[in-house]
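# Secondary and tertiary structure notes
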Amino acid sequence: MSFSRATLFDSPLLKPLVVLSHPSSVFPCKRFVIRPIPSLSPVVLLPTRPTQIVAKSSSVTVQPVSEDASEDHHQSKDVSGDSIRRRFLEFYASRGHKVLPSASLVPEDPTVLLTIAGMLQFKPVFLGKVPRQVPCATTSQRCIRTNDLENVGRTARHHTFFEMLGNFSFGDYFKKEAIRWAWELSTVEFGLPANRVWVSIYEDDDEAFEIWKNEVGVPVDRIKRMGEADNFWTSGPTGPCGPCSELYYDFYPERGCGDEVDLGDDSRFIEFYNLVFMQYNKTDDGLLEPLKQKNIDTGLGLERIAQILQKVPNNYETDLIYPIIAKVLELANLSYDSADDKAKTSLKVIADHMRAVVYLISDGVLPSNIGRGYVVRRLIRRAVRKGKSLGIHGDGKGAFLPIVAEKVIEMSTYIDSDVKTKAPRILEEIRQEELHFKKTLERGEKLLEQKLQEALSADKPCLSGKDAFILSDTYGFPVEITAEVAEERGVSIDMDGFDAEMENQRRQSQAAHNVVKLSVEDGDDITKDIADTEFLGYDSLSARAVVKSLLVGGKPVVRVSEGSEVEILLDRTPFYAESGGQIADHGFMYVNGSQEDDAVVEVSDVQKSLKIFVHKGIVKSGALEVGKEVEAAVDADLRQRAKVHHTATHLLQSALKKVVGQETSQAGSLVAFDRLRFDFNFNRPLHEGELEEIEGLINRWIGDATRLETKVLPLADAKQAGAIAMFGEKYDDEVRVVEVPGVSMELCGGTHVGNTAEIRAFKIISEQGIASGIRRIEAVAGEACIQYINSRDSQMKRLCSTLKVKAEDVTNRVENLLEELRTARKEASDLRSKAAVYRASVISNKAFTIGTSQTIRVLVESMEDTDSDSLKSAAEYLVSTLEEPVAVVLGSCPDQDKVSLVAAFSPGVVSLGVQAGKFIGSIAKLCGGGGGGKPSFAQAGGRKPENLSSALEKAQEELVATLSEKLG
């Protein structure tokens, strides 16, 4: 056997290896090079199975594995999850594949919310959009899927988070090699008994059948032909596609073979390896044309192969997940063997969800109410509920999920080495989200229980959509949680009713925001006789149009005259109606006729109900009638300001994604004439340096003078092209795409500049938090930016003139002035305190004594306009100088409508059970205020100076009575 070159492939997931290779057909990736692995010592990896590789001069062939292969062979090697991952990658690395790292769970592909498959990072290569960087590759990809969330924990193999092992060829090798290697990996490397492995192929894929039957040696009765739904992969309505071949493991081969065997029988089979043969291009008319470059895309589920090799009944009991379950068992004080099915389901859900949550937060996805953030929030909330059902109470702060997450992080070394470095942030995000939801849970559970009891009294228990909506809208109780709890109690939910309530709320919210009324008092909808308004505003700022309807106070009228506030419906308009965060155009409508028929209407708002535009304005002169033709003219200057701010908003979103992370997403916006406002999902304030970088990026893009491109595309095509869509928004089948080439591409119906140079300049005014996980940036651009800068410059000049310093010295001068002011205020305060103490020494002779055998000195006095701090100093002085025990109550009126009170009791008075804090509060109420403090000293205030005198009289009366009673 002659060998050519020794090849090393570098990956943090691989243990060191040296693979001896030779130029045979079984190794078609003929690009072997030496890649050193830093700090690792190589070991020689040689075939261990009996003559699985047979040398024939300069060729090597793969031999079929005999039917009597030992079922315990795979136990001779390490079958831990980490080892299986490493062995898979080593196997394909030794066959010329470049080991590449897992992509982020936040994909670059805009058509999917999260990374759902190993091939996703290679999709642009498969679609021919970018050139291949390597001829073939292998990965262990972190994935998230939430489409079967309700099955997690209930079945043996459903998960939200899982790892997909894959090997990929980009026009390098194809079907024969992919099939041979999949078989060799399964039966030789992993040692699966050949008689337990079944194969499915596409019903028309005779080539795959021949390879499996004649070259690999799989018996015909274990090769199943299946239809397009199961075994044909497509990338979309058109584009690359091809047949699939899947490998299944048979847990019960004794049940026999035959046509009646169903590979979909989960009690007998598990699909563990899927091979996609990308060999066709599907044309617009549905024809399949052979691809010039045929590709391979495969996926082997790590958790599934671990279940098989570790011989456990489900994926959850593998070493990939069970240690997490063990931690939950410890918190719940349970044993796995004694737990019932319901408890086991809860244990599995918590373990699964925390794996997903930890890796999502590590990749920058934070809990929120939209998009990826809502996936994290929903998983955390489900885990909290399952923990509650297990009786877990949590740590000292009331949270238990961070304890579980610590175990996930501990096990993350070979999955994602970055997780441990991000652990503090991950744990804090989970803790905050759990504690926040527990408050929500307490509020909602009481009402939900009441509604479920009511529903259970019916013949067919069903929770109304309205009740589910109230729980969600008013109590913040997610409908998914409501559905789960209801299902546990045998109650269904009217989801159609819930959806209707949600849609009604959305419509009402829009109506309240837009204040559009298109009905008359008798309830008739006038829009039934009005055609949709044709919008001309993208191309023109003025147009001739016909008045189709007039409304005054919601009532239809035929004619309006000067001074009338009116709503006008036209057949066509250049006016942009408020939508998508952009405010409406302003402008005028003119009627030109005889002198008597001339009219001018000033338009100050335009709203939209469905596709009918409602122009709101005031008739400035003349009269306007239904049926008249008007010249509708938009204020060009204000339109330009809106266009500038709208395009700047798109640039801002792109800059935010570049600077703080792709996980940020829009949560709202306002595009006005004088400013823009952009709300986005993020968990902390932006640093000054980040804001400067964002500003710099945007102003650089403005200076690039890039011409914008707008086009109308089918929604699917727009998303496929990478256009950003607002998560949760509903779009028509065809959408408008606004692109700043190389910078931004969004679905948007707003108005925009033609070239970024029109924006001129961009400046951030403020950045602040407006809700949990939501930040807001306000900024100005274009003419508004120039005005803002000029205004600030003018203010700076006045400041320099006043302070008599240069602009660069203003900060130091102001700091010095503030320090001088603080010093002066302290000196003044000290003087006031000294004055108050002096006045206190003067009035100290007014103190009187109560008691006989035991006496207490009492002083209750007004100190006129003494401020509260000085009043405190005076009281402290009196208690320290008058003979112990002593009780002092002082009052003053430092300002108009302000009362200050203080009570100071010595230890001897407090020992009798008389407390200053409790005493002064009742006195302050007489002055329209309140207060309290410690037993020995308390302060209070009020708003009724006119009551101070009577309040002090009352204080003396009650104090004397109380102390006398205590003295006996």
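Going along each chain's sequence as written, the residues are numbered from 1 onward. Selection of residues for local features in this predicted model requires a pLDDT of at least 70, selection of side-chain atom pairs for listing and counting requires 80 or more, and totals for whole chains, interfaces and linings are taken over all residues. The basis for every side-chain value is the complete set of heavy atoms in the structure, and neither hydrogens nor water enter the calculation.

- In the nomenclature of an unreviewed UniProt entry, the protein is known as Probable alanine--tRNA ligase, chloroplastic of Eruca vesicaria subsp. sativa.
- For the record of the protein, the UniProt heading Sequence similarities (unreviewed entry) holds the text "Belongs to the class-II aminoacyl-tRNA synthetase family. Alax-L subfamily."
- UniProt positions are given in the numbering used here, feature names are shortened, and annotations may be inferred rather than shown by experiment. Per its UniProt entry, the protein bears the Catalytic activity (unreviewed entry) comment "tRNA(Ala) + L-alanine + ATP = L-alanyl-tRNA(Ala) + AMP + diphosphate".

## Examining the overall build of the protein
- Every helix listed is a DSSP run of H or I at least four residues long, and every strand listed is a run of E at least two residues long, numbered separately from the N terminus. Looking only at helices and strands, the protein has 23 helices and 38 strands in total.
- Across the protein, contacts joining residues at least 24 apart in sequence account for 68% of those joining residues at least 6 apart.
- Element-wise, carbon and sulfur atoms account for 49% of the exposed surface of the protein, whose accessible area totals about 45100 Å². Contacts are residue-level and defined by heavy atoms, with any inter-residue pair within 4.5 Å sufficient. In this description, accessible areas are obtained by the Shrake-Rupley approach with a 1.4 Å probe, and a residue is regarded as covered only by the protein chains that are shown.

## A few points about the pairing of strand β32 (residues 774-781)
- Exposure categories follow from relative accessible area, calculated using a 1.4 Å probe and restricted to protein chains: below 20% of the type maximum is buried, above 50% is exposed, and the middle band is partly exposed. Within β32, eight of the eight residues are buried, which leaves the element mostly enclosed by the surrounding structure.
- In β32, alternate side chains face the same way, and those of Ile-774, Arg-776, Glu-778 and Val-780 on one face and Arg-775, Ile-777, Ala-779 and Ala-781 on the other are all buried.
- DSSP-based pairing: two strands are paired if at least 2 bridges between them are found. Looking at chain direction, strand β27 (residues 676-681) and β32 are connected through six bridges and run antiparallel. Directly across from Asn-681, in β32, lies its bridge partner Ile-774.
- Bridge count for strand β31 (residues 762-771) against β32 is eight bridges, and the pairing is antiparallel. Bridge pairing links Gly-769 to Arg-775 in β32.

## Topic: the sheet that holds strand β35 (residues 886-895)
- Overall, mixed pairing links the six strands, which are arranged β33-β34-β35-β36-β38-β37 in an open sheet. For this open sheet the edge positions go to β33 (848-850) and β37 (930-933), each flanked by a neighbour on one side alone. Shown here is a sheet whose adjacent strand axes are inclined to one another by a mean of 20 degrees, direction ignored.
- Where β33 lies against strand β34 (residues 856-862), three bridges are found, and the strand directions are antiparallel. The axes used here are C-alpha line fits, helices contributing only the stretch in contact, and every angle between their N-to-C directions lies in the interval 0 to 180 degrees.

## A look at the sheet that holds strand β28 (residues 709-714)
- Within the open sheet, the three strands sit side by side as β28-β29-β30. Their pairing is antiparallel. Each end of this open sheet is capped by a strand with a single partner; those strands are β28 and β30 (744-747). Pairwise comparison of adjacent strand axes, ignoring direction, gives a mean angle of 25 degrees for this sheet.
- Note: strand β29 (residues 734-740) against β30, four bridges, orientation antiparallel. Bridging across to β30, Val-738 finds its partner in Glu-746.
- Contacts from helix α15 (residues 636-660) reach β29 and β30, with the element oriented near 115 degrees to β30.

## Notes on the UniProt feature "binding site: Zn(2+)" (unreviewed entry) in the protein
- The UniProt record annotates "binding site: Zn(2+)" (unreviewed entry) at His-646, His-650, Cys-748 and His-752. These annotated residues cover 107 residues of sequence, and their C-alpha atoms lie no more than 9.8 Å from one another, placing them together at a single site.
- Tracing the backbone shows Cys-748 in the loop between β30 and β31.
- Setting aside residues no more than four positions away along its own chain, Cys-748 makes contact with His-646, His-650, Arg-736 and Val-738.
- With respect to the helices and strands, His-752 occurs in the loop between β30 and β31.
- Excluding residues within four positions of it along the chain, His-752 makes contact with Lys-643, His-646, Thr-647, His-650, Leu-708, Arg-736 and Val-738.
- Pairs of N or O atoms within 3.5 Å make up the polar contacts considered here, provided that, within protein, one atom can donate a hydrogen while the other can accept it, and that residues adjacent in sequence are counted only when both atoms are side-chain atoms. A distance of 2.9 Å separates polar atoms of two side chains, one belonging to His-752 and the other to Thr-647.

## Examining the nonpolar core
- Of all hydrophobic cores here, the largest spans 114 residues; its most connected members are Trp-212, Phe-272, Tyr-273, Ile-305 and Met-354.
- Examining the composition of this core, we find that 12 residues originate from one element, helix α8 (residues 341-362), more than from any other.
- The contact partners of Phe-272, leaving out residues within four places of it in the chain, are Ser-186, Leu-192, Val-197, Leu-247, Tyr-248, Tyr-249, Gly-299, Leu-300, Gly-301, Arg-304, Ile-305 and Ile-308. Residues grouped as a nonpolar core are buried Ala, Val, Leu, Ile, Met, Phe, Trp, Tyr and Cys residues, joined through side-chain atoms within 4.5 Å.

## As for unusual backbone geometry
- With omega at -5 degrees, the peptide bond leading from Glu-884 into Pro-885 counts as cis.
- With respect to the helices and strands, Pro-885 occurs in the loop between α20 (868-881) and β35.
- Of note in this structure, Arg-760 is not a glycine but carries a positive phi near 70 degrees.
- One non-glycine residue, Lys-804, lies in the positive phi region at around 60 degrees.
- Relative to the elements of secondary structure, Lys-804 occurs in the loop between α18 (782-803) and α19 (810-843).
- For Lys-804, a relative accessible area of 72% corresponds to the exposed category.

## Description of the pattern of salt bridges
- Throughout this description, the term salt bridge denotes a Lys or Arg side-chain nitrogen within 4 Å of a carboxyl oxygen of Asp or Glu. As enumerated under the stated definition, the model contains 49 salt bridges in all.
- In this structure, Arg-355 and Glu-303 form a salt bridge, with 3.0 Å as the shortest nitrogen-oxygen distance. You can see Arg-355 sitting in helix α8 and its partner Glu-303 sitting in helix α6 (residues 302-310), a full 52 residues away along the chain.
- For Arg-355, a relative accessible area of 3% translates into the label buried.

## Side note on the environment of Glu-246
- Mapped onto the elements of the fold, Glu-246 is located in strand β11 (residues 239-250).
- Judged by relative accessible area, Glu-246 falls into the buried class, the value being 7%.
- Sequence separation of Glu-246 and Tyr-202 is 44 residues, and the distance between their C-alpha atoms is 9.4 Å.
- Among all residues touching Glu-246, those that are not within four sequence positions of it are Trp-198, Val-199, Ser-200, Asp-230, Asn-231, Glu-271, Tyr-273 and Asn-274.
- A distance of 2.9 Å separates a polar atom in the side chain of Glu-246 from a polar atom in the side chain of Tyr-248.

## Describing α20
- In a helix, the anticipated span is given by 1.5 Å times the number of residues less one. Along its 14 residues, α20 runs 20 Å from first to last C-alpha, staying within 8% of the 20 Å computed at 1.5 Å per residue.
- Where α20 is concerned, the buried positions are Ser-870, Leu-871, Ala-874, Ala-875 and Leu-878. All buried residues of α20 project into a common sector of 140 degrees when viewed along the axis, lining one side.
- Along its buried surface, α20 packs onto α19, β34, β35, β36 (898-905) and β38 (937-942).
- You can read the cap of α20 off the contacts: a side-chain oxygen lies 3.1 Å from the backbone nitrogen of Asp-869, and it is on Asp-867. Picture the helix axis, draw a direction to every C-beta atom, and the arc is the one those directions span.

## Description of the state of the cysteines
- When two cysteine sulfur atoms lie within 2.5 Å, the pair is treated as a disulfide. With the rule as written, the count across this model stands at zero disulfides.
- Just so you know, Cys-927 is unpaired, no disulfide at all, and the nearest cysteine sulfur is the one on Cys-893, 7.6 Å from it.

## Notes on the side chain of Arg-268
- One can find Arg-268 in the loop between β11 and β12 (269-282).
- With a relative accessible area of 4%, Arg-268 lands in the buried category.
- At 2.7 Å, the side chain of Arg-268 forms a polar contact with the backbone oxygen of Gly-256.
- Once you skip the residues sitting within four places of it in the chain, Arg-268 turns out to touch Trp-198, Tyr-249, Asp-250, Phe-251, Tyr-252, Pro-253, Arg-255, Gly-256 and Val-261.

## Things to note about the packing of helix α10 (residues 401-410) against helix α11 (residues 423-456)
- For the pair α10 and α11, interaxial distance at closest approach is 9 Å and the crossing angle is 150 degrees. Here α10 lies roughly antiparallel to α11, going by the angle between them. Judged by the twist between their axes, the crossing of α10 over α11 is right-handed. When α10 is examined against α11, the residues Leu-401, Pro-402, Ala-405, Glu-406 and Ile-409 are found in contact with a partner set consisting of Ala-423, Ile-426, Leu-427, Ile-430, Arg-431 and Glu-434.
- Broken down by class, the residue content of the contact of α10 with α11 amounts to eight nonpolar, no polar and three charged. Working rule for angles: under 35 degrees goes down as roughly parallel, over 145 as roughly antiparallel, 65 to 115 as roughly perpendicular, anything else as oblique. Take the far helix as the reference: if the near one is turned anticlockwise from it by less than a right angle, the crossing is left-handed, and if turned clockwise, right-handed. Under the convention adopted here, Pro, Cys and the residues Ala, Val, Leu, Ile, Met, Phe, Trp and Tyr are nonpolar, Asp, Glu, Lys and Arg are charged, and Gly plus all remaining residues are polar.

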